[in-house]
Amino acid sequence: MYSKITNVVLILMFAVISFHAQEKAKGNDKDETMIRANVEQMAKGWNAKSGAEFAKPFAEDADYVIVNGMQIKGRAAIAEGHQGIFDTIYKISTLTLSVEQIRFLRPDVAVVHVRAALNFTRENSTRTNNARITLVMTKNKDKWEIAAFQNTQIQTPGS
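Residues numbered from 1 in each chain as written. Predicted model: local features only at pLDDT ≥ 70, side-chain atom pairs only at ≥ 80, totals over all residues. Heavy atoms only, no water.

## Notes on the pattern of salt bridges
So, point 1. One pass over the structure, following the stated rule, counts eight salt bridges.
So, point 2. In this structure, Lys139 and Asp31 form a salt bridge, with 2.8 Å as the shortest nitrogen-oxygen distance. Taken together, the residues span a long stretch of sequence, with Lys139 in strand 5 (residues 125-140) and Asp31 in helix 1 (residues 2-47) at a distance of 108 residues.
So, point 3. In this structure Asp31 comes out as buried when scored by relative accessible area, which is 7%.
So, point 4. Residue Lys143 pairs with Glu145 through a salt bridge whose shortest N-O separation is 3.9 Å.
So, point 5. Here the salt bridges do not stand alone but share partners, grouping Glu60, Arg75, Lys143 and Glu145 into one network. (Salt bridge = Lys/Arg side-chain N within 4 Å of Asp/Glu carboxyl O. Helix = DSSP H or I, 4+ residues; strand = E, 2+ residues; numbered from the N terminus. Buried < 20%, exposed > 50% of the residue type's maximum accessible area, 1.4 Å probe, protein only.)

In structure tokens, the structure reads:
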């Protein structure tokens, strides 16, 4: 009798653990989809040459560190700064972004590593700059936002 009860308890315990693991995975899948959509929105905004569209996934008070180390504070400044470069130096450019890793620090905080390839033309010369972007994203009211952005150019040997 004792072993039958023990077996039933163990089976129920494993079933509950399995159910919770599946539910957590479903939650992460939904969150990962929303996070990836934010990264896609940045690329879409860049390629449309719209500072406002590029800045859409950022939190109102986001921190943005440019590849040269300068820092921009807030979604409005990110939108305005990007519109300035879209209208000038990056008028002829395309940006490709791909998510390399999403790591949940908590259910409402994630670190996201993104690979970036910026193709641009200046003075009849086309170049590609590669970078790795680190995002800190937070979930507020079922919406993921970029709280912090760090852009680091990938250096190749000899450059």
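That was the structure; now back to the text.
## Comments concerning the packing of aromatic side chains
So, point 1. Enumeration over the complete set of coordinates arrives at eleven aromatic pairs.
So, point 2. Where Phe54 meets Phe86, the ring centres are 6.4 Å apart and the plane angle is 75 degrees; that geometry is what we call edge-to-face. Placement of the pair is Phe54 in helix 2 (residues 51-55) and Phe86 in helix 3 (residues 75-86), with a sequence separation of 32 residues. As far as burial versus exposure is concerned, Phe54 and Phe86 are alike and both buried.
So, point 3. A centroid spacing of 4.0 Å and a plane angle of 10 degrees characterise the contact between Tyr64 and Phe149, whose relative ring orientation is stacked. (Phe/Tyr/Trp six-rings, centres within 6.5 Å; stacked < 30°, edge-to-face > 60°.)

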